[in-house]
Amino acid sequence: MSNPMHNININNNNNNGSQLANMELLTLDNPVFCCYLFWATVLVAKMLLMSLLTALQRFRYKLLGLVPLAVRRKVFPNEEDLFFKNIEVQFDDPHVERVRRAHRNDMENILPYFIMALIYVCTNPNPLVACNLFRVAAIARIVHTLVYAVYPVPQPSRILAFATMMLITFYMAAVVALRTLRFI
Amino acid sequence: MSNPMHNININNNNNNGSQLANMELLTLDNPVFCCYLFWATVLVAKMLLMSLLTALQRFRYKLLGLVPLAVRRKVFPNEEDLFFKNIEVQFDDPHVERVRRAHRNDMENILPYFIMALIYVCTNPNPLVACNLFRVAAIARIVHTLVYAVYPVPQPSRILAFATMMLITFYMAAVVALRTLRFI
Amino acid sequence: MSNPMHNININNNNNNGSQLANMELLTLDNPVFCCYLFWATVLVAKMLLMSLLTALQRFRYKLLGLVPLAVRRKVFPNEEDLFFKNIEVQFDDPHVERVRRAHRNDMENILPYFIMALIYVCTNPNPLVACNLFRVAAIARIVHTLVYAVYPVPQPSRILAFATMMLITFYMAAVVALRTLRFI
C-alpha cells in the first residue's frame, strides 16, 4: 500500500509534500488511518457480539438443559418470542439487564468515539500518538466489557476502563476544536 | 460526475491508475461510495421515522378520537408532557415499548454498520459485491422494522432480517481486518 | 491551511477546478468540512458530558453531604456499585431516568446526524447554507439538553429543539438522495 515509488511520483507533480498529506489522509496510504480502520473494526465486531451475548443470556438455562428453570428464567421482551405457552413476558432478569446496560454504555461511548477518531485523523495528527491512542482506547473498551458483562469484577476496574476511552475522546475533541476554532 | 476526460487527465499526471483509485474513494466519482451514500441516507431517514412512530404510538388513541381511552393510554415519560392533569406518568405501555425496542435495536445494529460500511468503501472493494451488500443490508433492516414495530409477525422473520445485516457487517469487518492487520 | 499557491499548483496539473473540489472535500482545505468538524466535536463533547451528568445525578445527595438521604436516593444499577451494604439496587429514580432519557434521545438523533452531515459534505453543498445548518443543528441540541435534562422547562421548548435537528437531517437526506438516486 505505501509504495515509495508512488510517493516520489506524486511529489514530483505537486512540489508540496505537506499539503499533499492532507489530500491523502483518508486513504490506505496513511498508516494512521489504517490503524484507525483496524481498531474501529475490532470495536464494531465487539459491539455486535454484545447482541449475541444478550441472546445467549436469554437462552442460557435452556442451553444448560435445565428446562424447569428455563421456563422461569426465559426472559424475552416480545410475545412472539415465547416458545412455551405457559411463560410470561419478563423485563427484569438481572443477567440480561446487565448485558443490556453494558451494550447501552458501548453505544454511549464507542459510537461518538468512532466519529471523533475519524475527525481526529483528518487533522493529520502525530502518527505515534494517534496509533497508540487508538490501541489503548480499543483495549480499554474490551476490558470494560469483560469486567461489566462477562465476569463482574469489583468497582475500580470498570470505572478505569470507562474513563480511559472517555479521556482519549476528550483529548481528540480538544485537538480538533483548537484546529478548527476559526470556523465556528 | 464520472467525467471520462477527468480520469484520463489525472492518469496522465500520475501514471498509476490503481493508486489514484485510493485517492478518490470517498468522492462522488466512486460509484460504490455513491451507492453507500444513497442507502445510508435511506437508513438514516428510517431511523428518524422511528422517533415519529414512537410519538404516534403515544398519541394513537387520541388521534382516533377515543378521548376516554386516551386518558388511560397516554404514556408520556415526563411530567411536562402531560396535557391532562389527571393522568399519571407511565412507562409500561406495550405498544410504545415495542417501538422503542425496535428503535434501540436499530441503534445497536445500523449505527455500527454505517461506520463499518464507510471503512469498507475505503478498502476499494469489488463494486458489484459492495453495492449489492449495501442494498441487501438496507432492505433487510426495513423489513426488520416492518415485522417488529409496524405489524408484528411470528418469529423467524425478524431474526432473519436481523441476521442479514449482522452477517454483512461481520463480512465487511473480516475484509477490513485482513487488509489492515499489519497496522495492529 | 488554504494556501493559494497550493490551489494554483494543482489547477495547473488538472485544468479542472470543479472536479478538483470533489477530491478535496474531506480535507481541512474545505471550510465546510472544517465547520462540520468543529460542531461535530462540540456535540461529541456534549454527549460524553451526559454520562458525567448521569453519574452526578446518582451521587448528588451524597455530594450535598446529606448522607441519610443518600442512603435512600443512591440509585446504582449494579450491585458492585453499592458502597453501603444496606442499600438496594434501584432503577426508578426520576432525576436519573430523566437524564438517561435525554441521553438516549441524543443517541437517537445526534449519531445519525453525524453520518448524514458527513455524507452531505461529500455532495459539495453551498458553503453558506451548509455551515449555518451545522451551527443551528448543534445549538438546537444544546438547548434540547438544557431544557430536558438540566432544568426542565414546559413543553413547546423541547419539541422545537428536537424538531430543528430532525428537519435539518431530513433536508440533508433529501439533498443526498436526489444527488445519488441513480445509484439505487
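Treat the numbers as computed from the prediction; the structure is a model and nothing was measured.

**Description of the overall build of chain A**
Link 1 in the chain: From N to C terminus, chain A includes 7 helices and 0 strands.
Link 2 in the chain: The order of helices and strands in chain A, counted from the N terminus, is α-α-α-α-α-α-α.
Link 3 in the chain: Scored against the burial criterion, the 184 residues of chain A give a buried share of 57%.
Link 4 in the chain: Restricting the contact set of chain A to residue pairs at least 6 apart, pairs at least 24 apart contribute 64%.
Link 5 in the chain: Surface accessibility of chain A: about 8,100 Å² in total, with carbon and sulfur atoms responsible for 67%.

**Topic: the nonpolar core**
Link 1 in the chain: Counting residues in hydrophobic clusters, the biggest one holds 128 residues, and the most contacted among them are Phe134 of chain A, Phe134 of chain B together with Tyr36 and Phe134 of chain C.
Link 2 in the chain: When residues no more than four places from it in sequence are discounted, the contact partners of Phe134 of chain C are Val32, Cys35, Tyr36, Trp39, Tyr113, Ala117, Tyr120, Val121 and Met172 of chain C.

**Quick word on the packing of aromatic side chains**
Link 1 in the chain: In this structure the tally under the stated criterion is 17 aromatic pairs over all chains.
Link 2 in the chain: With a centroid separation of 6.4 Å and 65° between ring planes, the pair formed by Tyr120 of chain B and Tyr171 of chain B is classed as edge-to-face. Of this pair, Tyr120 of chain B sits in helix α5 (residues 94-122) while Tyr171 of chain B is found in helix α7 (residues 156-179), placing the two residues 51 residues apart along the sequence.
Link 3 in the chain: Looking at Tyr120 of chain B, the relative accessible area reads 2%, which means it is buried.
Link 4 in the chain: Taken together, the ring pairs connect Phe33, Tyr36, Tyr120, Phe134 and Tyr171 of chain A into an aromatic cluster.
Link 5 in the chain: We note Arg158 of chain A situated over the ring of Tyr148 of chain A; from NZ or CZ to the ring centre the distance is 4.1 Å.

**Topic: helix α5 (residues 94-122) of chain A**
Link 1 in the chain: An ideal rise of 1.5 Å per residue puts 42 Å on 29 residues; α5 of chain A measures up with 42 Å between its terminal C-alpha atoms.
Link 2 in the chain: Within α5 of chain A, 25 of the 29 residues are buried, which leaves it mostly tucked inside the rest of the structure.

**Notes on empty space enclosed by the protein**
Link 1 in the chain: Tallied over the entire structure, the rule returns 6 cavities of 30 Å³ or more.
Link 2 in the chain: Considered as a void within the structure, the largest cavity measures approximately 190 Å³ in volume.
Link 3 in the chain: Forming the walls of the largest cavity are 22 residues, and the residues nearest its centre are Leu26 and Leu118 of chain A, Leu26 and Leu118 of chain B together with Leu118 of chain C.
Link 4 in the chain: Put simply, the parts of the chain that give the lining of the largest cavity at least two residues each are α3 (31-63) and α5 of chain A, α3 (31-63) and α5 of chain B together with α3 (31-63) and α5 (94-122) of chain C.
Link 5 in the chain: Here the residues of the lining of the largest cavity sort into 22 nonpolar, no polar and no charged.

**Re the pattern of salt bridges**
Residue and element names in this part refer to chain A.
Link 1 in the chain: Per the counting criterion, the structure on display carries 9 salt bridges over all chains.
Link 2 in the chain: Here Arg104 makes a salt bridge to Glu108, at a shortest N to O gap of 2.7 Å. Note that Arg104 and Glu108 are positioned in helix α5 at a spacing of 4 residues, about one turn of the helix.
Link 3 in the chain: A relative accessible area of 10% places Arg104 in the buried class.
Link 4 in the chain: A single network of salt bridges, built from pairs that share partners, joins Lys46, Asp106 and Arg141.

**A word on the confidence of the model for chain A**
All names here are of chain A.
Link 1 in the chain: For chain A, the mean per-residue pLDDT works out to 75, and 70% of the residues sit at or above 70.
Link 2 in the chain: This stretch, residues 65-73, has a pLDDT under 50; its non-local contacts, to residues over four places away or in other chains, come to 11 contacts.
Link 3 in the chain: Below a pLDDT of 50 lies the segment residues 84-88, which in the model reaches 7 contacts outside its immediate sequence neighbourhood of four places, other chains included.
Link 4 in the chain: Under the prediction, the complex receives an ipTM of 0.74, its pTM being 0.78.

Rules of the game
Residues numbered from 1 in each chain as written. Chains lettered and ligands numbered in written order. Predicted model: local features only at pLDDT ≥ 70, side-chain atom pairs only at ≥ 80, totals over all residues. Heavy atoms only, no water. Helix = DSSP H or I, 4+ residues; strand = E, 2+ residues; numbered from the N terminus. Buried < 20%, exposed > 50% of the residue type's maximum accessible area, 1.4 Å probe, protein only. Contact = heavy atoms within 4.5 Å. Areas by Shrake-Rupley, 256 points an atom, 1.4 Å probe, with all protein chains shown as cover. Core = buried A, V, L, I, M, F, W, Y, C linked by side-chain atoms within 4.5 Å. Phe/Tyr/Trp six-rings, centres within 6.5 Å; stacked < 30°, edge-to-face > 60°. Lys NZ or Arg CZ within 6 Å of the ring centre and 35° of its normal. Expected span 1.5 Å × (residues − 1). 1 Å grid on protein atoms, 1.4 Å probe; cavity = no way out; pocket = protein on both sides within 12 Å on 5 of 7 lines; lining within 4 Å. Points joined across faces, edges and corners; volume = space filled by probe spheres on them. Nonpolar A, V, L, I, M, F, W, Y, C, P; charged D, E, K, R; others polar. Salt bridge = Lys/Arg side-chain N within 4 Å of Asp/Glu carboxyl O. pLDDT = per-residue confidence, 0-100.

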